[in-house]
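Observations on chain architecture
In case you want the letters, here they are:
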Amino acid sequence: MSIDTTEILYGIRTWIEIESPTHDAPGMARMAARVEADYRAIGAQVERIPGRDGFGDHLLVTDARHCPPDVADGPGIMVLSHIDTVHPIGVLAGPLPFRIEGDRAYGPGAEDMKGGAYIALAALRQIAREGGRTHLPVRHLLVSDEEMGSATSREHIEREARRAKFVLVTEPARSGGKIVTARKGIANFKISAHGEAAHAGVEHHLGANAIREIAHQILELEAMTDYGRELTVNVGVVQGGGRSNVVPDSAEIEVDVRMPNPQIGEEIETRIRSLKPHNPRVRLSVSGGVNRPGYEKTPEIAALFLHAKTLAKEIGFDLQDLKTGGGSDGNFTAAIAPTLDGLGVDGDGGHTLEERLYISSIVPRTRLLMALMQTLE
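Residues numbered from 1 in each chain as written. Predicted model: local features only at pLDDT ≥ 70, side-chain atom pairs only at ≥ 80, totals over all residues. Heavy atoms only, no water.

As for the pattern of salt bridges
Throughout the structure, instances matching the rule amount to 26 salt bridges. The shortest N-O distance in the salt bridge between Arg-52 and Asp-53 comes to 2.6 Å. Close ionic contact of Asp-256 with Arg-258 constitutes a salt bridge, the shortest N to O distance being 3.0 Å. The partly exposed category is assigned to Arg-258, whose relative accessible area is 23%. (Salt bridge = Lys/Arg side-chain N within 4 Å of Asp/Glu carboxyl O. Buried < 20%, exposed > 50% of the residue type's maximum accessible area, 1.4 Å probe, protein only.)

In structure tokens:
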């Protein structure tokens, strides 16, 4: 039975046209309600997990209709998506309306990741239409806060990963359709220097310059970058002082760290937390830490990729994989269960006013998700 591209694109459009930036409670509520209704319409069970700390609800979809009854409550296939976007309310009516230009469908979240989240629903719907079977139950977790670090959804992601044999993440494809089998981990730190203010002309010698201290710390931090170990330390924001004729008593930097695995993550976090002031009259404070652990291509992930590559060849395309420096919720699951990421639609321009998906990727990517759901055991 053929897959109707127009039907799926229409479904993706209905999700895109519900603007859902992470911190917009009404938008997130509308989005969650639409996803819940669409899944219930195809016969799946939906659990609404209440949000907290100002974030929206998460959704856990369970579809065990196509697997043997004796495994329905056991370990299964976890599909992982997010329904929040980075685009603020208003871009849909302004610079980024839904529109189709040739093979491209534009709109906020088209690529990242309403397209990918929707094709998971389309895959389950198509399995039912074709009378297909799965060896395992399929559970689709859609979270509301991925674009802000997944602080409220991480516990649910890790819980579901612990009862999964495999995890399929519907983040967008990379570089012409490649999927992701490894991601760098991410840590964020804020480092503040607290010195002593003084009049720069009259009592300069009495001051303890916080900006000077932060300058020393910037050099020390940047020197921790080690490309050979895939470790980068980047000072991206510097703030301090108030007037040029005052020795500044405060300064602050924000630091982004990327690392390949949890071990190097622990090491660099210890080094950063152990920073000492060059001037004993200045006090340093360090906050933050590892947000997403490194996601490595383990032998189990490599085997899962080869299985997906074989399925893709049968469908009619050559599936390649890569490692990326960006993080996703797959960083949380990869150490728990074999994880494939970047299984969503192919596209470009994510997080920009040119965000779009490639319509030609919809059917093959839906077919690949179907094939994984039906063959993994």
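Notes on unusual backbone geometry
Between Asp-112 and Met-113 the backbone carries a cis peptide bond, its omega angle lying at -5°. Mapped onto the fold, Met-113 is located in helix α3 (residues 110-129). Phi is positive for Asp-53, close to 55°, though the residue is something other than glycine. Within the secondary structure, Asp-53 is located in the loop between β1 (45-49) and β2 (58-63). A relative accessible area of 58% places Asp-53 in the exposed class. Unusually for a residue other than glycine, His-351 sits at a positive phi of about 70°. Along the chain, His-351 falls in the loop between β17 (347-348) and β18 (356-358). Owing to a relative accessible area of 42%, His-351 belongs among the partly exposed residues under this scheme. (Helix = DSSP H or I, 4+ residues; strand = E, 2+ residues; numbered from the N terminus.)

As for the packing of aromatic side chains
Under the defined criterion, the tally for this structure stands at 1 aromatic pair. On the numbers, 4.9 Å between centres and 80° between planes, the contact of Trp-15 with Tyr-118 is edge-to-face. Separated by 103 residues along the polypeptide, Trp-15 in helix α1 (residues 5-16) and Tyr-118 in helix α3 bring together distant segments of the chain. Here Trp-15 matches Tyr-118 in class, with each residue buried. A cation over a ring is seen here: Arg-99 above Tyr-106, with NZ or CZ 4.0 Å from the ring centre. (Phe/Tyr/Trp six-rings, centres within 6.5 Å; stacked < 30°, edge-to-face > 60°. Lys NZ or Arg CZ within 6 Å of the ring centre and 35° of its normal.)

A closer look at the layout of surface pockets
In this structure, the largest pocket occupies an estimated 370 Å³ of space. Considering the residues around the largest pocket, the lining is formed by 20 residues, among which Asp-112, Glu-146, Glu-147, Gly-327 and His-351 are closest to the centre. At the level of secondary structure, the elements contributing two or more residues to the lining of the largest pocket comprise α3 and β14 (283-292). Considered class by class, the residues forming the lining of the largest pocket number 5 nonpolar, 6 polar and 9 charged. (1 Å grid on protein atoms, 1.4 Å probe; cavity = no way out; pocket = protein on both sides within 12 Å on 5 of 7 lines; lining within 4 Å. Points joined across faces, edges and corners; volume = space filled by probe spheres on them. Nonpolar A, V, L, I, M, F, W, Y, C, P; charged D, E, K, R; others polar.)

Points about the environment of Tyr-106
Tracing the chain through its elements places Tyr-106 in strand β5 (residues 104-106). Residue classification places Tyr-106 among the buried residues on the basis of a relative accessible area of 4%. Considered as a pair, Tyr-106 and Glu-354 are 248 residues apart in the sequence and their alpha carbons are 7.0 Å apart. Among residues more than four places away in sequence, those in contact with Tyr-106 are Leu-96, Pro-97, Phe-98, Arg-99, Glu-101, Glu-354, Glu-355 and Arg-356. (Contact = heavy atoms within 4.5 Å.)

Brief notes about the sheet that holds strand β9 (residues 185-194)
Spatially, 4 strands are ordered β11-β13-β9-β14 in an open sheet, and the strand pairing comes out antiparallel. Each end of this open sheet is capped by a strand with a single partner; those strands are β11 (232-240) and β14. Each strand of the sheet is rotated relative to its neighbour by a mean of 15°, with strand direction disregarded. Two elements, β11 and strand β13 (residues 250-259), share 8 bridges in a ladder whose sense is antiparallel. Paired with Val-233 across the bridge in β13 is Val-257. Against the sheet, helix α5 (residues 210-222) touches β9, β11, β13 and β14, its axis set at about 10° to β13. With respect to the sheet, helix α6 (residues 262-273) is in contact with β9, β11, β13 and β14, its orientation differing from that of β14 by roughly 165°. (Pairing = 2+ DSSP bridges. Axes fitted to C-alpha atoms, helices over the stretch in contact; angles between N-to-C directions.)

Things to note about the packing of α1 against α3
When two helices pack together, you describe them by how their axes are tilted relative to each other and by the distance separating the axes. It is at 9 Å that the axes of α1 and α3 come closest, and there the two elements cross at 135°. On the basis of the axis angle, α1 is oblique to α3. Considering the relative orientation of α1 and α3, their crossing is right-handed. Packed against α1, whose contacting residues are Glu-7, Ile-8, Gly-11, Ile-12, Trp-15 and Ile-16, the element α3 presents Ala-110, Lys-114, Gly-115, Ala-117, Tyr-118, Ile-119, Leu-121, Ala-122, Arg-125 and Arg-129 at the interface. Partitioned by chemical class, the residues of the contact of α1 with α3 number 10 nonpolar, 2 polar and 4 charged. (Parallel < 35°, antiparallel > 145°, perpendicular 65-115°, else oblique. Left-handed = near helix turned anticlockwise from the far one by under 90°.)

Here's the deal with the sheet that holds strand β6 (residues 138-143)
Overall, mixed pairing links the 6 strands, which are arranged β1-β2-β6-β3-β7-β16 in an open sheet. Pairing within the sheet leaves two strands with one partner each, and these edge strands are β1 and β16 (339-340). Sheet topology places β1 next to β2; 5 bridges connect them, and they run antiparallel. Bridge pairing links Val-46 to Val-61 in β2. With respect to the sheet, helix α2 (residues 25-41) is in contact with β1, β2 and β6, its orientation differing from that of β1 by roughly 160°.

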